[in-house]
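Here's the letter readout for the chains.
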Amino acid sequence: QVQLVESGGGLVQAGGSLRLSCAASGRAFTFSTYHMGWFRQAPGKDREFVAAISWFGRSTFYTDSVKGRFTISRDNAQSTLYLQANNLKPEDSAVYYCAAQRSGSYQHSSSYDYWGQGTQVTVSS
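None of these values were measured; they are calculated from a predicted model. (Residues numbered from 1 in each chain as written. Predicted model: local features only at pLDDT ≥ 70, side-chain atom pairs only at ≥ 80, totals over all residues. Heavy atoms only, no water.)

**As for the layout of surface pockets**
Counted only if it meets this: Only protein atoms enter the 1 Å grid, on which a cavity is a set of points fitting a 1.4 Å probe that cannot get out and a pocket is an open set with protein on both sides within 12 Å along at least 5 of 7 lines, lining residues being those with an atom within 4 Å of a point. Grid points are joined across faces, edges and corners, and a volume is the space filled by probe spheres set on the points. We call Asp, Glu, Lys and Arg charged. Ala, Val, Leu, Ile, Met, Phe, Trp, Tyr, Cys and Pro are nonpolar, and the rest, Gly among them, are polar.
Looking at the largest pocket, its volume works out to about 210 Å³. If you trace the largest pocket, you find 13 residues lining it, with Arg40, Lys45, Glu48, Glu91 and Asp92 closest to the centre. In terms of residue class, the lining of the largest pocket is made up of two nonpolar, three polar and eight charged.

Spelled out as C-alpha coordinates, the structure:
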(Lines give C-alpha, C1' and ligand atoms only; values in the text may rest on other atoms or scores of the structure.)
Protein backbone atom coordinates (compact mmCIF):
# COMPACT_ATOMS: atom_id res chain seq x y z
CA GLN A 1 0.00 0.00 0.00
CA VAL A 2 1.31 3.40 -1.01
CA GLN A 3 1.08 6.35 1.36
CA LEU A 4 1.71 9.98 0.53
CA VAL A 5 1.56 12.26 3.56
CA GLU A 6 1.68 16.02 3.16
CA SER A 7 2.75 18.46 5.84
CA GLY A 8 3.85 22.06 6.23
CA GLY A 9 0.63 23.86 5.51
CA GLY A 10 -0.72 26.62 7.71
CA LEU A 11 -1.85 30.21 7.98
CA VAL A 12 0.49 32.86 6.60
CA GLN A 13 0.22 36.52 5.70
CA ALA A 14 0.42 37.65 2.12
CA GLY A 15 4.05 37.87 1.05
CA GLY A 16 5.06 35.10 3.41
CA SER A 17 6.49 31.67 2.70
CA LEU A 18 5.75 28.04 3.42
CA ARG A 19 7.56 24.82 2.65
CA LEU A 20 5.30 21.88 1.97
CA SER A 21 6.58 18.34 2.26
CA CYS A 22 5.22 15.03 1.02
CA ALA A 23 6.61 11.86 2.53
CA ALA A 24 6.14 8.73 0.45
CA SER A 25 6.15 5.17 1.67
CA GLY A 26 4.98 1.76 0.62
CA ARG A 27 6.24 -1.78 0.42
CA ALA A 28 6.44 -1.92 -3.37
CA PHE A 29 6.72 1.80 -3.98
CA THR A 30 10.02 3.01 -5.39
CA PHE A 31 9.86 6.77 -5.11
CA SER A 32 12.54 7.44 -7.71
CA THR A 33 10.55 5.68 -10.42
CA TYR A 34 7.61 8.06 -10.14
CA HIS A 35 7.14 11.54 -11.48
CA MET A 36 5.67 13.68 -8.71
CA GLY A 37 3.26 16.58 -8.74
CA TRP A 38 1.55 19.14 -6.55
CA PHE A 39 -2.07 20.10 -7.09
CA ARG A 40 -4.37 22.39 -5.14
CA GLN A 41 -8.08 22.80 -4.67
CA ALA A 42 -9.85 25.85 -3.32
CA PRO A 43 -13.44 25.71 -2.03
CA GLY A 44 -15.92 25.53 -4.90
CA LYS A 45 -13.20 25.12 -7.51
CA ASP A 46 -11.74 22.22 -9.45
CA ARG A 47 -8.45 20.68 -8.46
CA GLU A 48 -5.71 22.42 -10.41
CA PHE A 49 -2.14 21.59 -11.34
CA VAL A 50 0.57 23.55 -9.52
CA ALA A 51 3.94 21.93 -10.24
CA ALA A 52 5.55 18.68 -11.29
CA ILE A 53 9.01 17.14 -11.24
CA SER A 54 10.52 14.26 -13.17
CA TRP A 55 12.05 11.13 -11.67
CA PHE A 56 15.44 12.56 -10.80
CA GLY A 57 14.47 16.21 -10.71
CA ARG A 58 16.00 17.14 -14.03
CA SER A 59 12.75 18.56 -15.35
CA THR A 60 10.28 20.76 -13.53
CA PHE A 61 7.00 22.28 -14.64
CA TYR A 62 4.82 25.00 -13.15
CA THR A 63 1.49 26.56 -13.76
CA ASP A 64 1.90 30.17 -14.89
CA SER A 65 0.46 31.70 -11.74
CA VAL A 66 3.22 30.30 -9.51
CA LYS A 67 6.25 30.62 -11.78
CA GLY A 68 9.00 32.57 -10.07
CA ARG A 69 7.37 32.12 -6.65
CA PHE A 70 7.14 28.35 -6.10
CA THR A 71 9.91 25.76 -6.41
CA ILE A 72 9.34 22.02 -6.56
CA SER A 73 12.11 19.63 -5.54
CA ARG A 74 12.60 16.06 -4.40
CA ASP A 75 14.95 13.99 -2.30
CA ASN A 76 14.87 10.45 -3.63
CA ALA A 77 17.04 9.13 -0.82
CA GLN A 78 14.41 10.33 1.68
CA SER A 79 11.42 9.58 -0.58
CA THR A 80 10.23 13.11 -0.02
CA LEU A 81 8.77 15.76 -2.29
CA TYR A 82 8.88 19.47 -1.48
CA LEU A 83 7.18 22.65 -2.57
CA GLN A 84 8.79 25.91 -1.51
CA ALA A 85 6.12 28.59 -1.81
CA ASN A 86 7.33 32.20 -1.57
CA ASN A 87 5.56 35.52 -1.90
CA LEU A 88 2.26 33.85 -1.18
CA LYS A 89 -0.95 35.53 -2.26
CA PRO A 90 -4.51 35.13 -0.94
CA GLU A 91 -5.43 33.38 -4.20
CA ASP A 92 -2.91 30.64 -3.32
CA SER A 93 -5.18 29.56 -0.45
CA ALA A 94 -6.26 25.97 -1.01
CA VAL A 95 -5.74 22.40 0.06
CA TYR A 96 -2.48 21.24 -1.48
CA TYR A 97 -2.10 17.63 -2.58
CA CYS A 98 0.92 15.68 -3.70
CA ALA A 99 0.54 12.93 -6.26
CA ALA A 100 2.63 10.29 -7.97
CA GLN A 101 2.52 9.03 -11.54
CA ARG A 102 4.45 6.51 -13.63
CA SER A 103 3.64 8.21 -16.90
CA GLY A 104 1.18 10.48 -18.61
CA SER A 105 0.39 14.14 -18.76
CA TYR A 106 1.89 15.87 -15.74
CA GLN A 107 -0.83 18.54 -15.81
CA HIS A 108 -3.83 16.24 -15.64
CA SER A 109 -4.87 14.84 -12.29
CA SER A 110 -6.39 11.78 -13.97
CA SER A 111 -2.93 10.56 -14.99
CA TYR A 112 -1.71 10.30 -11.39
CA ASP A 113 -1.80 6.95 -9.64
CA TYR A 114 -1.51 7.88 -5.97
CA TRP A 115 -2.63 10.87 -3.90
CA GLY A 116 -2.08 12.24 -0.44
CA GLN A 117 -4.78 13.55 1.86
CA GLY A 118 -3.77 17.18 1.47
CA THR A 119 -2.54 20.03 3.64
CA GLN A 120 -4.35 23.33 4.05
CA VAL A 121 -2.65 26.56 3.04
CA THR A 122 -4.39 29.80 4.01
CA VAL A 123 -2.97 33.17 3.00
CA SER A 124 -4.43 36.23 4.68
CA SER A 125 -4.44 39.63 3.04
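**Focus: the pattern of salt bridges**
Put simply, the rule reads: Salt bridge, as used here, is a side-chain nitrogen of Lys or Arg placed within 4 Å of a carboxyl oxygen of Asp or Glu. Elements are defined by DSSP. Helices are runs of H or I of four residues or more, strands are runs of E of two residues or more, and each kind is numbered from the N terminus. With a 1.4 Å probe rolled over the protein chains alone, any residue whose accessible area is under 20% of its type maximum counts as buried; one over 50% counts as exposed, and the rest are partly exposed.
The tally for this structure, following the rule as stated, stands at four salt bridges. The shortest N-O distance in the salt bridge between Arg40 and Asp92 comes to 2.9 Å. Taken together, the positions of Arg40 in strand S4 (residues 35-41) and Asp92 in the loop between strand S8 (80-85) and strand S9 (94-101) put the pair 52 residues apart, joining distant regions of the chain. Owing to a relative accessible area of 5%, Arg40 belongs among the buried residues under this scheme. The exposure class of Asp92 is buried, given its relative accessible area of 1%. Here Asp64 ties to Lys67 by a salt bridge, and the two come within 3.0 Å at their closest N and O atoms. Among the charged side chains, a salt-bridge network with shared partners connects Arg40, Glu48, Arg69 and Asp92.

**Focus on the packing of aromatic side chains**
The condition is simple: Paired rings are identified among Phe, Tyr and Trp, the last through its six-membered ring, by centres lying within 6.5 Å, and are further divided according to the angle between planes into stacked (under 30 degrees), edge-to-face (over 60) and tilted (the rest). Lysine NZ or arginine CZ positioned within 6 Å of the ring centre and within 35 degrees of the ring normal marks a charge as sitting over the ring.
Per the counting criterion, the structure on display carries ten aromatic pairs. Three or more aromatic residues joined by ring pairs form one cluster here, namely Phe39, Phe49, Phe61, Tyr97, Tyr106, Tyr112 and Trp115. Sitting over the ring of Tyr82, Arg19 keeps its end group 4.0 Å from the ring centre. Cation over ring: Arg47 sits above Trp115, and NZ or CZ is 4.7 Å from the ring centre.

**Remarks on the nonpolar core**
Short version of the rule: As used in this record, nonpolar core signifies buried Ala, Val, Leu, Ile, Met, Phe, Trp, Tyr and Cys residues forming a set joined through side-chain atoms within 4.5 Å.
The biggest cluster of nonpolar side chains holds 28 residues, and the ones touching the most others in it are Met36, Trp38, Val50, Phe70, Leu81, Leu83 and Tyr96. Elements that contribute at least two residues to this core include exactly strand S3 (18-25), S4, strand S5 (48-53), strand S7 (70-75), S8, S9 and strand S11 (119-124). Phe39, Ala52, Ala99 and Tyr112 belong to the second largest nonpolar core, which has five residues in total.

**Examining the state of the cysteines**
Working definition: the covalent bond between the sulfur atoms of two cysteines is a disulfide. Under the convention used in this document: Working definition: a disulfide is two cysteine sulfur atoms within 2.5 Å of each other.
Across all of its chains, the model carries one disulfide by this definition. The partner cysteine of Cys22 in its disulfide is Cys98, sulfur to sulfur 2.0 Å. What sets the handedness of the Cys22 and Cys98 disulfide is the S-S torsion sign, and at about 50° it is right-handed. Here Cys22 is found in strand S3, whereas its partner Cys98 is found in strand S9, with 76 residues between them in sequence.

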